[in-house]
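# Examining the three-dimensional arrangement
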2 protein chains.
Amino acid sequence: MSSQVNDTAEATVILRENGKMREKTLTMDTLNPQVKAVEYAVRGPIVTKAGDIERGLQQGQKHPFTEVIKANIGDSHAMGQKPITFLRQVVALCSFPELLNSPSFPEDAKQRARRILQGCGGQSLGSYSASQGVDCIRQDVAVYIEQRDKGVPADWDNIYLTTGASDGIVSILKMLVSGQGRSRSGVMIPIPQYPLYSAAISELEAVQINYYLDEDNCWALDINELHRAYQAAKEHCHPRVICIINPGNPTGQVQSRKCIEEVLHFAYEENLFVMSDEVYQDNVYSPDLQFHSFKKVLYEMGPEYFNTVELASFHSTSKGYSGECGFRGGYMEVLNLDLEVKAQLVKLLSVRLCPPVSGQAAMDVIVNPPLPHEPSYLQFHKEKSAVLGALAEKAQMTEQTLNTVPGIKCNPVQGAMYAFPRIFIPPRAVEEAKSLGMSPDMMYCLRLLEETGICLVPGSGFGQREGTYHFRMTILPTTEKLKVLLEKLRDFHIKFLKEYASLEEPKR
Amino acid sequence: MSSQVNDTAEATVILRENGKMREKTLTMDTLNPQVKAVEYAVRGPIVTKAGDIERGLQQGQKHPFTEVIKANIGDSHAMGQKPITFLRQVVALCSFPELLNSPSFPEDAKQRARRILQGCGGQSLGSYSASQGVDCIRQDVAVYIEQRDKGVPADWDNIYLTTGASDGIVSILKMLVSGQGRSRSGVMIPIPQYPLYSAAISELEAVQINYYLDEDNCWALDINELHRAYQAAKEHCHPRVICIINPGNPTGQVQSRKCIEEVLHFAYEENLFVMSDEVYQDNVYSPDLQFHSFKKVLYEMGPEYFNTVELASFHSTSKGYSGECGFRGGYMEVLNLDLEVKAQLVKLLSVRLCPPVSGQAAMDVIVNPPLPHEPSYLQFHKEKSAVLGALAEKAQMTEQTLNTVPGIKCNPVQGAMYAFPRIFIPPRAVEEAKSLGMSPDMMYCLRLLEETGICLVPGSGFGQREGTYHFRMTILPTTEKLKVLLEKLRDFHIKFLKEYASLEEPKR
């Protein structure tokens, strides 16, 4: 960084030729207060500090460890997972169509690439697509959903390709926010939640309505808690949306069919728009559980539900077995949207022109993978199973190891990519954190990072019941690295407990 | 589309089991009014209609033409422009690194790809990048800017990679909007403007301050008009930002150095944040004109300016000679941002995680193209010159042909990709349009589309002085197709004038 820029950026006032002060236009005082209110812990101060330490290590600085292990974000490839060959072949073929003449690419990858390119203007990934995405990819998404949901009809006119799932989620929330004061839109979100939701709610100045997941029951959603939260919120806002994350981020919980039916019935009765974040639909590890889509359950509840409840569900290239976060691919399916509102949604999306077309291509491969009779099937299947098998193993290892540590209690990691264990923090440590103006789990995670190089995200970034403390960790490091991480974490936790002279029993 | 979805989407109310009405949650009445206020003509009703006609033609419907010619959007590849080989080679190598072993890719492309991949987590395009983008790509951008600006220092810490330029523009505007009533942020934009600006201003509920470009002077920016607009706006809002588009969209004007200096002086005096949209910096066709970056001019005005004026400038992969719209690549350079505000900007960007990494790779090629001693240089240079040469030729042809038509007056297309000619619409046609509740240039463009298959955007979508009418057309169709377009347009215009029995002289 040049010192010139640095020095001057710090001065907010400078004397002008005419003697008047030249103030900065954009200061903390004049910044959009809704931007100021946004919080996003997954890339918060701990992660910034981890980056600083990493750079320090590279420059030879001494730390009590030789490597930073980042378990703060669901970024599979960064943790060493290899891309799915077939997906990358298709993207490379689309990017450089001369490769369609190369004998080293399999025919099924070429067929996918040709089809995608035919759907692009000028047969080029470099053209803008329609605002909703490339037609044939939207058609493939609809076919995928029909198969996933055992024949429940899917209409490709209801499919919108997006820039990752985040983009779709924010677009739908943006549509739903209106009113002032007591008629301001309220958005029901689970606690703990993925902080995109709270960040978008802050930015849109909507009202956040917390419903607490039941930690004592594997983080299940409790319908009575939904009613409680809704009734309480009605006093000061207009609840209009319920957001569900299934499988759960950060909880790792997989919802039961019964629970989903209860939520949908509730949404039907209370006229709520349903947003179901289903980006982890391929990440279910417990052999006795399965993913149920909100859409399929809605269908099974009968036409009175299926033809009325407004439901947006979200998927992404970033998670599942492919882990292609960098491509920013995703889709949403939106049911029962009023037709005029739909035109407004398309208009809103059109201002940003289109989602990245290479991300759309990556999404196409995920919904249209090689079939058993095709040449790439075996390799694809092998790669996919290896990723999901390893994740299942690491999910179990994480839960089991964490539960051997006194003062840590971890629910089963049934799905997704995260553990969200409860940690006991001794009262003296809580006091110390408070005196530092820090949440106790933030202090815990900071010390963990400084002493061991492990980067986790404090539970306070996701929300938790008052007086309880957690962290989120991903299960993405390689098995070997995850073992090291869990051992270091155990040693740190025991030392931490001792240091604060806590001989009392951890609260479970 | 299944009839089931269609039928039910139209019913906004349905009777529930319990006899209560089940209303839709999201209707035109409950939709976010800021979303409703957004307009984006580049993909507006004319373009929707063009799509309908195109599908009709494919299904054998009869029209007085056999093909829709889309000159509504700056989408080069869709109009037949071929990708730059080197760029696509680098992207393909990054997407499928096994190709690094292939002898059919040149060494300089491999070198670029290796460098980009080394900057990615796990050496994969599938990892999230940092919120500001991949470090080495930001470094390449800074080097590019220094070279472009003949040594003016550029700090890669000030570079942010973005999802196209639009994403950066909206992010900066979002930061700048605050206050209520008379202290609400005002945003100065040129008229005519690119409608992303007005759309973002609507969505953010900021105050739009129009400054009119001087059509009689080749659409130049007139500093007196800036003062007028500013003084008038101060009565009812707090002007905080000035946006400039150079080269101009839709005007095609290239700003003089003197004009830029005046704008910067004005911004300095009035404490305005400067946003310079420079996505057409490579698209200058008049041999006696050149692109001056706002940053370079600011530097040349001396440290009192260079170290104080807050300036964000935007670039993109979508325009220039590469035309890679679909990759959604771009960057912004932000100067003199307050350090705390900068942390807020990074936080805001982090919520969406990162721009698409393949778009970042495409951006890298544009700022780091083959050098004269490298194997791809000759082909790259040939392809680039061919694109820019053809555009220069079409810019001239468009202006000259349009100026032969009675009742059309077109300023020189000095740069960018558009002509924005003024069209004379006879009073009787104006009346007819008004009786149809339509702007006269919208009626004109609709009839043009229906009678000739040519798709343009009415001037009203960009803004124009009261009582004047325009359209925007791109110069992107192939030379042959552009000739056809211009001939059809001339014939249509003459017929249109005759039909409305306008024997009076067109107002020039």
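Whatever comes next refers back to the structure up there.
Residues numbered from 1 in each chain as written. Chains lettered and ligands numbered in written order. Predicted model: local features only at pLDDT ≥ 70, side-chain atom pairs only at ≥ 80, totals over all residues. Heavy atoms only, no water.

## Quick notes on the interface of chain B and chain A
Counting residues at the interface gives 114 residues for chain B, matched by 114 residues for chain A. Where chain B abuts chain A, roughly 9800 Å² becomes buried across the two surfaces, and 54% of that area is made up of carbon and sulfur atoms. For the interface between chain B and chain A, the tally reads four salt bridges. Note that Arg352(A) is salt-bridged to Asp167(B), the shortest N-O span being 4.0 Å. Where chain B touches chain A, the interface holds 49 residue pairs in polar contact (both at pLDDT 80 or more). (Contact = heavy atoms within 4.5 Å. Buried area = accessible area lost by both parts, 1.4 Å probe. Salt bridge = Lys/Arg side-chain N within 4 Å of Asp/Glu carboxyl O. Polar contact = N/O pair within 3.5 Å; in protein donor to acceptor, adjacent residues only side chain to side chain.)

## Let's talk about the pairing of strand 4 (residues 159-163) of chain A
Residue and element names in this part refer to chain A. A large share of strand 4 lies buried, amounting to five of its five residues. Residues of strand 4 alternate between two faces, with Ile159, Leu161 and Thr163 on one and Tyr160 and Thr162 on the opposite face, all of them buried. Here five bridges tie strand 4 to strand 10 (residues 329-335), and the two strands are oriented antiparallel to one another. By the bridge assignment for strand 10, Leu161 is matched with Tyr331. (Buried < 20%, exposed > 50% of the residue type's maximum accessible area, 1.4 Å probe, protein only. Helix = DSSP H or I, 4+ residues; strand = E, 2+ residues; numbered from the N terminus. Pairing = 2+ DSSP bridges.)

## Let's talk about the sheet that holds strand 12 (residues 418-419) of chain B
Residue and element names in this part refer to chain B. Pairing within the open sheet is antiparallel, and its three strands lie in the order 12-16-15. Each end of this open sheet is capped by a strand with a single partner; those strands are strand 12 and strand 15 (457-458). Bridge analysis of strand 12 against strand 16 (residues 471-474) gives two bridges, and the strand direction is antiparallel. Paired with Ala419 across the two strands is Met473, which belongs to strand 16.

## Comments concerning the packing of helix 9 (residues 223-234) of chain A against helix 10 (residues 257-269) of chain A
Geometrically, a packed helix pair is captured by the angle between its two axes and the distance between the axes. Residues and elements named next belong to chain A. At their nearest, the axes of helix 9 and helix 10 sit 10 Å apart, and the two run at 25° to each other. Between helix 9 and helix 10, the angle is such that the two are roughly parallel. As helix 9 packs across helix 10, the resulting crossing turns out to be right-handed. In this structure, helix 9 uses Ile223, Leu226, His227 and Tyr230 to contact helix 10, whose residues at the interface are Glu262, Val263 and Phe266. Grouping the amino acids of the contact of helix 9 with helix 10 by side-chain chemistry returns five nonpolar, one polar and one charged. (Axes fitted to C-alpha atoms, helices over the stretch in contact; angles between N-to-C directions. Parallel < 35°, antiparallel > 145°, perpendicular 65-115°, else oblique. Left-handed = near helix turned anticlockwise from the far one by under 90°. Nonpolar A, V, L, I, M, F, W, Y, C, P; charged D, E, K, R; others polar.)

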